[in-house]
Structure formats: structure tokens, C-alpha cells
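If you want the building blocks of each chain, they are given just below.
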Amino acid sequence: MELAVPSAGAFGTAVASGGLSPQQMVQIYRLMFLSRCVDDREILLKRQQKIYFQISAAGHEALQVGAALALRPGYDWFFPYYRDRALCLALGVTPDEMMLQAVGAATDPASGGRQMPTHWSSRSLHIVSTSSCTTTQLLHAVGCAEAGRYFSRHPEAAAKPETAGVAGDYRAFHDVEFHGDEVVFTSLGEGSTSQGEFWEALNTASNQKLPVIFCVEDNGYAISTPVEVNTPGGNISKLVANFPNFHFAEVDGTDAEACLRAFEAAAAHCRAGLGPAFVHGHCVRPYSHSLSDDDRLYRSAAEREADAMRDPLAKMQMRLLREGILTADEINTLEYQLDREAAEAAERALVAPLPTVAGITEHVYSEDLDPTSSAFAQERVEAPGSAGGGKAGGEKGSDPRTMADLINACLHDEMRRDPRIVVYGEDVADVSRAEALAEVKGKGGVFKLTAGLQREFGSERVFNSPLAEANIVGRAIGYGLRGMKPVVEIQFFDYIWPAMHQIHNELAVMRWRSNGTWASPIVLRAPIGGYLTGGSIYHSQSGESIFTHIPGLRVVFPSNALDANGLLRTAIRCDDPVLFLEHKRLYRETHDRAPYPGPEFAIPFGKAKIVRPGTDITLVTYGAIVPRALQAAQRAQRLHGIEVEIVDLRTLNPYDWEAIATSVRKTSRVIVAHEDMLSWGYGAEIAARIGDELFDDLDAPVRRVGSMDTFVAYQPVLEEAILPQPESILKSIVDLKAY
């Protein structure tokens, strides 16, 4: 028997006129049962050791199908979680595509075999790449909604530049789609509501009245932990009920029609611009959490039987029979067809080609725009003559400016050039209450690096975030996925750690895990380092090596004003996510000032600079150690006749190995110096590679200089002893020369 049904995209229009038609009810059952068939086929394959992981949507099908049929694939945006098989089937992902993911095939359109099954992704359907992390996607959904609203209000920002510019432009590789009434859907299990990012996402969506539907799929368990242990009172709806601007619905998640009606109302609320929606569906979990779990170890037989009695498939099947829509024979025929559809999809997937080892490193970084290329080689300061750079810039060749000034000038220049840039973070705006701008100077960041941006570009492009670092980064990922360029600030590097989950497990891996389908090339600015006299433990931290250990993330660390300006411009224009580290002590130092270089000045990544030539010893360093190394080198020359060549790396990932190797081959002696702790620091990798690849060129062991293996103390006497000083660098120079 062939049962023709309307597509998911057309379903909502058909429903709006009244009750469900028989054809629509059959469609709902078809999607629900097909989801279960795919689950069961995967379970069989896993037990046959033909696939390697399985997690099911069993018990959630009615809620998920209801959500999908109330929304518009390829028009609205979707940030699902790993249990959302029925949702994705209803949106248009096919059983073949799901099976390709289960076997890890090269032709798996979601990840090319890089992700586990049920980690969804479809560019055409607007299903954004899913991770295994819980709740991180909610902040991406919020940022996605913010970006959609921005493009709707500023459609000119969606246009690609007529030319890529003299220093490249990420916009050439990011198409923009938006609709004025689009909705963003995101989902999670009830256990995930314990995560802080759940509350951070609700806060921003509520404050900004964003068109986001939050769907909590509550099956009563977070693996083995019951809901009353995760959620005070056992009901998340009661805890969130006082968030303003929300539409709330609590629904039987095993009743497909009730779920559909709940999502229709939620979508209508969002499309009308009234704010976000929260749909809490009470589902069941007739299977274990995954095939790696056995719920018989922690659930009683009576409890499991009660779940089975509420199975949404059985309920929908009984309704079809009770209302005379299908006979038992027709249901059996339909179910057989769907089971065969899943089985045949599995058979095709099992013979699909596997990924090649040669392709492993593809899409770690952008293949479209290389920030190390000559497109960014504009490293020169031009003569005076053209205005730019905002408050801090002036004309090319103007009086020397500090690092803080030239970072601010670059931000002004780039925001004038690129309307897709937004700047936000804690205290970065001049004011949050815009009416005060007429009478106050404005904050503009705790170090004043964003001063004047809001005054020139307005509160839609420059604004304060909540005091929540994961919120800052997670939203930025959502912005970046839509083709915008958020340049966000973590107020102090010392407080970047709440955002580490977003940086490591979402931002840096987005392009690779989606096999090049999705990317979020944002810029994270972070003041870093000590030498502040009183900065102490929580305002003096380094730790850059932790971030250089993350594939997919560029890490930049300039030592002077001119480099900061040119490298920040490259960071903004490039097509990869960038962590831009700014040493606080260098912000207003007089020794590293430079004239404003103009609005097209750029420096490619991975190109070190010889800041002092020498013949006796190579000293490789970066950041605030550069001026201290220069002091030590000057004393070494004056007091001991030792000529030290100083290599300023400028970027840490990528770094300029050729510059290091060339210098070491010349001097045959090398010191690697950094501010961070000596043990397990960034210099250890450089030292190890020198020993591995340049051993025959060395006349002495590789030496390292770093801080003590402890924290930075408040008392200046202790701080000075803990951090590398010119004197300790000089001692290493003299000792190494004498070896």
C-alpha cells in the first residue's frame, strides 16, 4: 500500500485550518515509526559489530515530529541534540543519510565519518552541526537568532564585498540567508537543564525577546540519574516560569497532536516578535540511554513497564485504529514498508566507501583563505596623508601610538569596512543605557580598548554582555555560523576558563567535525599576563600553551603596537577562529609605540620578526618577554660581547619554524623564553623540535626560560621573583655562551 503524504514543510499550512486530517495523522505515524525502525536497525548493526555506537529517539518521537511539522526546514534554524532522530527525519534527513553516519562512511553528509551517529548536520535544512556536549548548542541558537535579527534590520550587511580587498576577506566564503520571521529551534534533555549554559541562554533570549524555541525533552532520566535529583521539585517548567517575554507550554510528549499544537503556538509567538518560547514535553525512554547502557541496573521492572505502556507509537497506532483511519492490515503493511526502507538504507550504507586516511587533516582550518599567505603581507607603514583609525588613529605616519591606541584604531577601521562585525563582552560598550551618552564619556572596556566604538557604530553593533564567559563565546559561535564576524572580549584571560568548553569542544572543531560544512571564524580578544605590580593570582595568568594545543584555533600574541594593529586586522579578515592575546603590561608602554599605519595594514600569521640580529645565540620568544629579552641582550653585548639574535614569534599557532631554524643554524645556540611556567609551557614544544630536527646544528643544549612553577603573587617582591626578568634571561645567555 502506498500512502502519499504532504512534505514536512507543507504540513503546518494544512493543519492551520482545523483538526488533523487522516492523511496528516498517517504522515505523523509514518515518521514516528520510521524513526523507530532506523533505531532498531542500528541496534541490530551494533550487536553485529558493524557500527560502533547507538543512541535512540525511542519514546521521544511524538514530541520531535510535532516540533518539526510546526516549523520550516531550510527557512528556520535548528540546533538539535543527539536524541533528535525523529525531528531530523521529519525535517528531511533521510534514512540513508542516517545509516551512512552510523557506519562512518566517507559519503556521510553530516560529518564524513568524523562524528558518532545522530550528530546531525545539514546545510540545506539549516540543521547546524551537533556535538556530544550537553547544552552548548543553546547559546549557539541564541547567537544565531541575534544574527538573523541583525541581518533582517540591516540587509545590506549580507552583501559580499565587490572585491576581497588587498588583505583577503572571509565574507567571500560565507553566504548569508535570513528571513524576518525566522524561528530558531533548540532542544535538550531535562538532565541538561542543570548546566549553567541552559540558564545563560534563557537569560539572553528573554532579555532580547529573541525568536528561539527551547524544547526540553523530559524522559525522567539523565542516563541513570532521575529528574528529581537533577531538578529541584522534579519539574523544570516550574523553575523557569518567571522569565519574562516567554511563551510557556508543558505537554504530554507522547501525544503527537498535542505536541504539534504546542509547537504551532510557540512558533506563532516567536514569529510575531513577542519573544522566545519554552516547550516542556514529558516523554518516555523505553530503551536504555544508549546501547552502551543497561537501564535494568537502575530502573525497576514496574517503572520500565509503565514507560512501555506510554510508548507514543502504540498510542498513535491505537488512535489510527480507533478512528478507522487505517485497518490492522494496512498498519502492518505500512510498518513492513518502513522497516524495509530502514533495512535497505542499512544495506546500502554498509557497502559505502570509507573515509581515506589522507583526508584526516582536511577542514581543520579554512581551505579558502590562508592567513599565512601573501594576501595579508601588507607590513609597511605608509607616509602621512589619509585619515582613518577613529579616535586613536589619526593619519598614516602620525605621532607614535600605544598598543591600546592601535588596537582601538584597528577596530574602528574594520567596523567601518565590514558591517558584519559586532563587538561585545563585559563592559566593552561606552554605556548600556544609550541615553547617557550625551553626558558621560563612556566606559569602553576596563582597559579602554573599545572606547568610542558604540558612540560611532551604535548599540546594535557594540554592546555589553552578561557577566558570563560561556555566554560570550557560545553566542559568538552562533553569530559566526550565520556569516557574521563577532569580535568579542574576555575581560581577563584569567576568567576564560568558563568558556573553555565552548572554545575547545565547539568553536575550534566546528569546521572539522562537519567536514567543512559549518564554520565560525570569530575573534576572541583576551588581555593576558602579569608584570602588573599587584595583579596577583587572578589578574596575571598566562596559559597560552593550553590553547595552542587545540587544532582549529589560531593563537596570536603580539609584543608591540604596530604588530597588534596588523595582526588584529588579519585576525578579523581571516576565515578561522582566532584567540588574540594582548599583554596588559604592553598596552601603554612607551617603548613599543608606533605611528598609525593606515586601514589596510596587515601582517600574515606564522611570520616571525627578527627584532635584534645576532650571531652568537638565538633567543626565541614573544609577548612581554620581548622587551625584557632586548634589555638582557643589550647588557650581554655591552658587558660580555655576546651578540644575541631575538626572534619574536608574534603568532603561536601557526608559528614560524623556518625563522627559528634559520637563526639556530647560524648561531648554534638557542634559548626559548616565555612568561608562563617553565614546566609544560609553550617553549617545551619549540625546544623539543629544535632538539629533534636541528641537533646536528647545535653546539650546546637547548635552554628554556620561564616563570616559577607556581602562581603569581600579589607582593611585588614575590611577583618579581616568580616571573622571568632581564637578569634571569641575561644569566641564561651568559651560561649558554660559556657551555
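Scroll up a little and you will see the structure.
This one's a predicted model, so the numbers in the text were calculated from it and none came from an experiment.

Each value, and the rule that gives it
Residues numbered from 1 in each chain as written. Predicted model: local features only at pLDDT ≥ 70, side-chain atom pairs only at ≥ 80, totals over all residues. Heavy atoms only, no water. Helix = DSSP H or I, 4+ residues; strand = E, 2+ residues; numbered from the N terminus. Rg over C-alpha atoms; globule rule 2.2 N^0.38 Å. Buried < 20%, exposed > 50% of the residue type's maximum accessible area, 1.4 Å probe, protein only. Axes fitted to C-alpha atoms, helices over the stretch in contact; angles between N-to-C directions. Parallel < 35°, antiparallel > 145°, perpendicular 65-115°, else oblique. Left-handed = near helix turned anticlockwise from the far one by under 90°. Contact = heavy atoms within 4.5 Å. Pairing = 2+ DSSP bridges. Arc of directions from axis to C-beta. Polar contact = N/O pair within 3.5 Å; in protein donor to acceptor, adjacent residues only side chain to side chain. Right-handed = clockwise from strand over helix to strand, strands pointing away. Disulfide = S-S within 2.5 Å. Phe/Tyr/Trp six-rings, centres within 6.5 Å; stacked < 30°, edge-to-face > 60°. 1 Å grid on protein atoms, 1.4 Å probe; cavity = no way out; pocket = protein on both sides within 12 Å on 5 of 7 lines; lining within 4 Å. Points joined across faces, edges and corners; volume = space filled by probe spheres on them. Nonpolar A, V, L, I, M, F, W, Y, C, P; charged D, E, K, R; others polar. Salt bridge = Lys/Arg side-chain N within 4 Å of Asp/Glu carboxyl O.

(A) Up close: the overall build of the protein chain. Counting its secondary structure elements, the protein chain contains 26 helices and 21 strands. Since a compact globule built from 739 residues should have a radius of gyration of about 27 Å, the 29 Å found for the protein chain is in line with a globular shape. Its C-alpha atoms give the protein chain principal-axis dimensions of about 100 × 60 × 50 Å. Within the protein chain, buried positions represent 60% of all 739 residues.

(B) Quick peek at the packing of helix α5 (residues 95–103) against helix α13 (residues 328–350). Taken N-terminus to C-terminus, the directions of α5 and α13 make an angle of 45°; their axes are 8 Å apart at the nearest point. Taken together, the axes of α5 and α13 lie oblique to each other. The handedness of the crossing between α5 and α13 is right-handed. Judged by residue contacts, P95, D96, M99, L100 and V103 of α5 engage E341, A342, A345, A346, R348, A349 and L350 from α13.

(C) Looking closely at the sheet that holds strand β14 (residues 554–556). Reading across from one edge, β11-β10-β12-β13-β15-β14-β19 is the order of the seven strands in this open sheet, with mixed pairing throughout. The sheet is open, and its two borders are formed by β11 (462–464) and β19 (651–653), each paired with just one other strand. Looking at each pair of strands side by side, their axes are set apart by 20° on average, direction ignored. By the bridge criterion, two bridges tie β14 to β19 in an arrangement that is antiparallel. Following the sheet pairing, V556 is matched in β19 by T651.

(D) Inspection of helix α12 (residues 312–322) at higher detail. Those residues of α12 that fall on the buried side of the exposure criterion are P312, L313, M316, R319 and L320. One face of α12 carries all of its buried residues, which in axial projection span an arc of 125°. Of the surrounding secondary structure, the elements contacted by the buried residues of α12 are α2 (22–47), α3 (61–70), α10 (256–271) and α13. For α12, the N-terminal capping position is held by D311, with its side-chain oxygen 2.9 Å away from the main-chain nitrogen of L313. Just downstream of α12, G324 is the residue with a positive phi angle, here 70°.

(E) Looking closely at the pairing of strand β2 (residues 184–189). Here β2 lies mainly inside the structure; six of its six residues are buried. Burial along β2 is two-sided: the face carrying V184, T186 and L188 and the face carrying F185, S187 and G189 are both buried. Looking at chain direction, strand β1 (residues 77–79) and β2 are connected through three bridges and run parallel. In the sheet register, F79 faces β2, and the bridge partner there is T186. With six bridges joining them, β2 and strand β3 (residues 212–218) adopt parallel strand pairing. Pairing of V184 across the sheet is with V212, part of β3. Read as a crossover between parallel neighbours, the route from β2 over helix α7 (residues 196–208) to β3 is right-handed.

(F) Focus on the side chain of N565. Note that N565 resides in helix α21 (residues 561–573). A polar atom in the side chain of N565 sits 2.9 Å from the backbone oxygen of L406. Of note is the side chain of N565, whose polar atom sits 2.8 Å from the side chain of R569. Not counting chain neighbours up to four residues away, the residues in contact with N565 comprise L406, A409, C410, P597 and F601.

(G) Seen up close, the pairing of strand β17 (residues 617–621). Burial runs high along β17: five of the five residues are buried. Here β17 pairs with strand β18 (residues 644–648) via five bridges, running parallel. Bridge pairing in β18 places V620 opposite V647. Crossover handedness for the path β17 to helix α22 (residues 625–640) to β18: right-handed. Pairing of β17 with strand β20 (residues 670–677), which is carried by three bridges, proceeds in the parallel orientation. Paired with L619 across the strands is I671, a residue of β20.

(H) Molecular detail of the state of the cysteines. Under the criterion given, the structure shown has zero disulfides. The cysteine C283 is free of any disulfide, with C259 supplying the nearest cysteine sulfur at 6.8 Å. Note on C283: relative accessible area 5%, which makes it buried.

(I) Main features of the packing of aromatic side chains. This structure, assessed with the given rule, holds 25 aromatic pairs. On the numbers, 5.4 Å between centres and 20° between planes, the contact of F246 with F248 is stacked. A residue is classified by how much of its surface remains accessible, and F246, at 10% relative accessible area, is buried. Of the residues examined, F248 reaches a relative accessible area of 31% and is grouped as partly exposed.

(J) Up close: the layout of surface pockets. Computed from the structure, the largest pocket encloses a volume of approximately 340 Å³. If you list the elements that add at least two residues to the lining of the largest pocket, you get α20 (544–548) and β20. Among the elements that make up the lining of the largest pocket, the one with the highest residue count is β20 (three residues). Along the lines of polarity and charge, the residues of the lining of the largest pocket split into eight nonpolar, ten polar and two charged.

(K) Looking closely at the environment of G104. Among the secondary structure elements, G104 is positioned in the loop between α5 and α6 (136–153). What makes G104 buried here is its relative accessible area of 16%. Separated by 249 residues in sequence, G104 and P353 place their C-alpha atoms 9.3 Å apart. Residues within four places of G104 in sequence aside, it is in contact with G113, L354 and P355.

(L) Region of the structure containing the pattern of salt bridges. Applying the stated criterion across every chain yields a total of 51 salt bridges. The shortest N-O distance in the salt bridge between R482 and E182 comes to 2.8 Å. Of the two residues, R482 sits in the loop between α17 (469–481) and β12 (485–489) while E182 sits in the loop between α6 and β2, which places them 300 residues apart along the sequence. Take E182: its relative accessible area is 5%, and that puts it in the buried class. Of the charged contacts, one joins K737 and D616 as a salt bridge, the two residues approaching to 3.7 Å between their closest N and O atoms. With a gap of 121 residues between them, K737 in helix α26 (residues 726–738) and D616 in the loop between β16 (609–612) and β17 connect regions that are remote in the sequence. K737 gets classed as partly exposed once you look at its relative accessible area, which sits at 34%. Under the relative-accessibility criterion, D616 is labelled buried at 16%. Taken together, the shared-partner salt bridges in this structure form one network comprising D169, R171, D413, E414, R416, R417, D418, E456, R569, R573 and E600.

(M) Here's a closer look at empty space enclosed by the protein. Throughout the structure, instances matching the rule amount to two cavities of 30 Å³ or more. For the largest cavity, the calculated volume is near 50 Å³. A per-element tally of the lining of the largest cavity places α6 first, with three residues. For the lining of the largest cavity, the class distribution of residues is four nonpolar, six polar and two charged. In this model, the second largest cavity occupies a volume close to 40 Å³.

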